[in-house]
Amino acid sequence: MKIFYFSGTGNTLYVAKEVAKNEENLELVSIKNCIGKALAPTGAVGIAFPLYAFGLPKMVRKFLQEADFSKVDYFFALQTRSKSPGRAFADVQKLSGRKLDASFVVNMPSGYLPFGELESDEKREEILSKAAKKIAAIGEKVQGRARQRVFEFCLIRLVALPIYWVWQRFSDLGKSYFADSKCTGCGICSKVCPAGCITMKDGVPQWQAGKCESCMACINYCPARALQLNQKTKGYGRYHHPAIDWKQIVQ
């Protein structure tokens, strides 16, 4: 089995790992390393991604358009989200040109700071506990020879459609990020950025406009909590999956 994943806060990477942890010959592949390669995977293939603005991350869309899934035997999608509806599964099928054999949704803690303060530690523990049971159940359905055809529909509200279209065209948080006085110049932010839009200049991160994926990896993995989107985020907490460190995101 091969699972292609996109992950900023580590939620999706963790789910992908756990879902297929007992699978023989499992290969986890970061989608950021596949752009421009026009791959043609075979066998059992999963696409794992977080829900962004009710739809797919831009890099995931690009990957699905470039790859050839015509020889895939079993095609499934794993969606992580923070309880939002979305159109992602429909887009996976449309962009890949291949119908899904299964689709699954896992609710995970949010790491999206533009929406305000994140969940409390207690709430996160509750979400992760429920997610663990769901992940185990998904694993039983996709592993082994008897791969099941199971579909979890993610209904989209009409109001979500224009939000998704606007976000795809105009979202660029790279214009909003800045490093405050707590920045130590460690460079972790530039390393975890999947889009390569952060460079270090004189020990200070610089964001290139037009490349940001809005994945929140940089701001949530900063060990000094020195990266901000505005003055309010200075008082907000941060989140990345506790089992996924920044070195795993870089891979």
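What to know about the overall build of the chain
- Helix and strand content of the chain: eight helices and nine strands.
- What you see for the chain is a C-alpha radius of gyration of 18 Å, in line with the 18 Å of a compact globule of 251 residues.
- Along the first, second and third principal axes, the C-alpha atoms of the chain reach 55 × 40 × 40 Å.
- Counting contacts in the chain only where the partners sit at least 6 residues apart, residues at least 24 apart contribute 78% of the total.
- If you sum the accessible surface of the chain, you get close to 12,100 Å²; carbon and sulfur atoms cover 51% of it.
- The averaged location of the 22 negative side-chain charges in the chain is 5 Å from the averaged location of its 36 positive side-chain charges.

Details of the pattern of salt bridges
- Counted by the stated rule, this structure contains 13 salt bridges.
- Between K62 and E66 there is a salt bridge, with its nearest N and O atoms 3.3 Å apart. Remark: E66 and K62 occur in helix α2 (residues 58-66); sequence separation between them is four residues, near one turn of the helix.
- When the shortest N-O distance is used, the salt bridge between E152 and K134 registers 3.0 Å. With E152 in the loop between α4 (121-142) and α5 (160-170) and K134 in helix α4, the pair connects residues that are 18 residues apart, well separated along the chain.
- Among the ionic contacts, a cluster of salt bridges with common partners joins R61, R87 and D91.

Quick look at the packing of helix α1 (residues 11-19) against α4
- Relative to each other, α1 and α4 sit at 50°, their axes nearing to 8 Å. Taken together, the axis directions place α1 and α4 in an arrangement best described as oblique. Taken as a pair, α1 and α4 cross one another with a handedness that is right-handed. Every residue of α4 that contacts α1 at Y14, V15, E18 and V19 is listed here: I135, I138, G139 and V142.
- For the contact of α1 with α4, the class distribution of residues is six nonpolar, one polar and one charged.

Rules of the game
Position numbers for residues start from 1 in each chain and track the written sequence from start to end. Whole-chain, interface and lining totals are the exception, using all residues; otherwise, since this is a predicted model, local features are given only for residues with pLDDT of at least 70 and side-chain atom pairs are given and counted only at 80 or more. As a convention, hydrogens and water are excluded, and side-chain values are obtained from all of the structure's heavy atoms. Comment: elements are numbered from the N terminus, with helices defined as DSSP H or I runs of at least four residues and strands as E runs of at least two. Radius of gyration means the value over C-alpha atoms here, while the globule rule gives 2.2 Å times the residue count to the 0.38 power. Contacts are residue-level and defined by heavy atoms, with any inter-residue pair within 4.5 Å sufficient. What sets the accessible areas is the Shrake-Rupley method with a 1.4 Å probe; for residues, cover comes only from the shown protein chains. His residues and chain termini do not enter the charge count, which takes Lys and Arg as positive and Asp and Glu as negative. Lys charges are placed at NZ, Arg charges at CZ, Asp charges at CG and Glu charges at CD. A pair is scored as a salt bridge if a Lys or Arg side-chain nitrogen falls within 4 Å of a carboxyl oxygen belonging to Asp or Glu. In this analysis, axes come from line fits to C-alpha atoms, helices being fitted only over the stretch in contact, and the angle between any two N-to-C directions falls in the range 0 to 180 degrees. Here the word oblique covers every angle except those under 35 degrees (roughly parallel), over 145 (roughly antiparallel) and from 65 to 115 (roughly perpendicular). Each crossing is labelled by how the near helix is turned from the far one, with a counterclockwise turn of less than a right angle marking it left-handed and a clockwise turn marking it right-handed. Residues are grouped as follows: nonpolar covers Ala, Val, Leu, Ile, Met, Phe, Trp, Tyr, Cys and Pro; charged covers Asp, Glu, Lys and Arg; every other residue, Gly included, is treated as polar.

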